[in-house]
Amino acid sequence: MQLEIRPDPAEVGRARRWARSRLAGSGIQVDEPLAETLILLVSELVTNAVVHTGRPAVLRLSLPCAAEECATVRLEVADRSGRAPVPRCVDGDATGGRGLALVDGLADRWGWSSEGVGKRIWCELDRAVESEGSASAYGSGASTYEGFAYEAV
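What counts, and where the lines are drawn
Sequence positions are assigned chain by chain, starting from 1 and proceeding in written order. Since the coordinates come from a predicted model, pLDDT governs what is reported: local features require at least 70, and pairs of side-chain atoms require 80 or more to be given and counted, while whole-chain, interface and lining totals use all residues. Calculated side-chain values reflect all of the structure's heavy atoms, with hydrogen atoms and water omitted. Helix and strand assignments follow DSSP, with helices taken as H or I runs no shorter than four residues and strands as E runs no shorter than two, numbered in order from the N terminus. Whether a residue is buried, partly exposed or exposed follows from its accessible area with a 1.4 Å probe, protein chains only, as a fraction of its type maximum: under 20%, in between, or over 50%, in that order. It only takes one pair of heavy atoms within 4.5 Å for two residues to be counted as in contact. Throughout, the Shrake-Rupley method with a 1.4 Å probe supplies accessible areas, and for residues the shown protein chains are the sole cover considered. The angle between two axes is taken between their N-to-C directions and runs from 0 to 180 degrees, where each axis is a line fitted to C-alpha atoms and a helix contributes only its stretch in contact. By convention, the crossing between two helices is left-handed when the near helix turns anticlockwise from the far helix through less than a right angle, and right-handed when the turn is clockwise. As used in this structure description, the phrase polar contact means that two N or O atoms lie within 3.5 Å; if the pair is within protein, one of them must be able to donate a hydrogen and the other to accept it, and residues adjacent in sequence are counted only when both atoms belong to side chains. A pairing counts as a salt bridge when a side-chain nitrogen of Lys or Arg comes within 4 Å of a carboxyl oxygen of Asp or Glu. Between the first and last residue of a helix there are one fewer steps than residues, each counted as 1.5 Å, and that sum is the expected span.

**Q** Lay out the overall build of the chain in plain terms, naming residues and giving numbers.
**A** The secondary structure content of the chain amounts to 3 helices and 7 strands. Of all 153 residues assigned to the chain, the portion counted as buried reaches 41%. Expressed as a percentage of contacts within the chain between residues at least 6 apart in sequence, the contacts between residues at least 24 apart total 60%. Entry remark: accessible area of the chain is about 8400 Å², with carbon and sulfur atoms responsible for 50%.

Structure (structure tokens):
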């Protein structure tokens, strides 16, 4: 599944809505922590593509089948900029610059690779279907990264 993204900040909301609509047939409920984390990752990666490249991008989402007991959810954003993604160090008053730190803290794995004249940034979330009474693999959704606390809400 993929969605073409225009270099317009309004595309971030459209990408989140598109990703939510794809969850229905995957067995991932929109209110489960994995879905909330996935939508936050979509928002961060699409925002980075739109804001930092100023070029069109493609959002790809690979969701597990509903019958799979354990699967990996993969999210990719491919853009036409050859500039490498660079995590930034920002102070507590900054309103941006924490996107890749969030990706690093929330995803089980992430990375990027050159692709033609552009690049592909990807991240993966491992999903283990819970048995009744078991704790969620994602807990409360709260995490910390290098002293910053954040929560997927």
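Additional details are given in the paragraphs that follow.
**Q** Lay out the packing of helix α2 (residues 33-53) against helix α3 (residues 99-106) in plain terms, naming residues and giving numbers.
**A** Packing of α2 against α3 brings their axes to within 9 Å, and their N-to-C directions diverge by 150°. Judged by the twist between their axes, the crossing of α2 over α3 is left-handed. Residue-level inspection shows T37, L40, L41, E44, L45 and N48 of α2 in contact with α3, the latter providing G99, L100, L102, V103 and L106.

**Q** Go over the side chain of K119, please, and point to the residues and values.
**A** Mapped onto the fold, K119 is located in strand β5 (residues 118-128). A polar side-chain atom of K119 sits 3.2 Å from the main-chain carbonyl oxygen of S81. Here R83 takes part through its backbone oxygen, which lies 3.0 Å from a polar atom of the side chain of K119. For K119, the contacting residues outside a window of four places in its chain are T53, V77, A78, D79, S81, R83, P85, W112, S113 and S114.

**Q** How would you sum up the pattern of salt bridges? Please name residues and give values.
**A** If you walk through the whole model with that rule in mind, you get 9 salt bridges. When the shortest N-O distance is used, the salt bridge between E76 and R120 registers 2.5 Å. Separated by 44 residues along the polypeptide, E76 in strand β3 (residues 70-79) and R120 in strand β5 bring together distant segments of the chain. Comparing E76 with R120, the two get one shared label, buried. One salt bridge connects E115 with R120, and the closest N-O pair in it is separated by 2.3 Å. Its relative accessible area of 32% is what places E115 among the partly exposed residues. One salt-bridge network, in which partners are shared between bridges, spans R74, E76, R109, E115, R120, E124 and D126.

**Q** Would you mind going over helix α1 (residues 11-23) in detail, with residue names and values included?
**A** In a regular helix each residue adds 1.5 Å, so 13 residues correspond to 18 Å; α1 covers 19 Å between its end C-alpha atoms and thus fits that length. Inspection of α1 places E11, V12, G13, A15, W18, A19 and L23 among the buried residues, and these make up the whole buried set. In this structure, the buried side of α1 is in contact with β1 (2-5), α2 and β2 (57-62).

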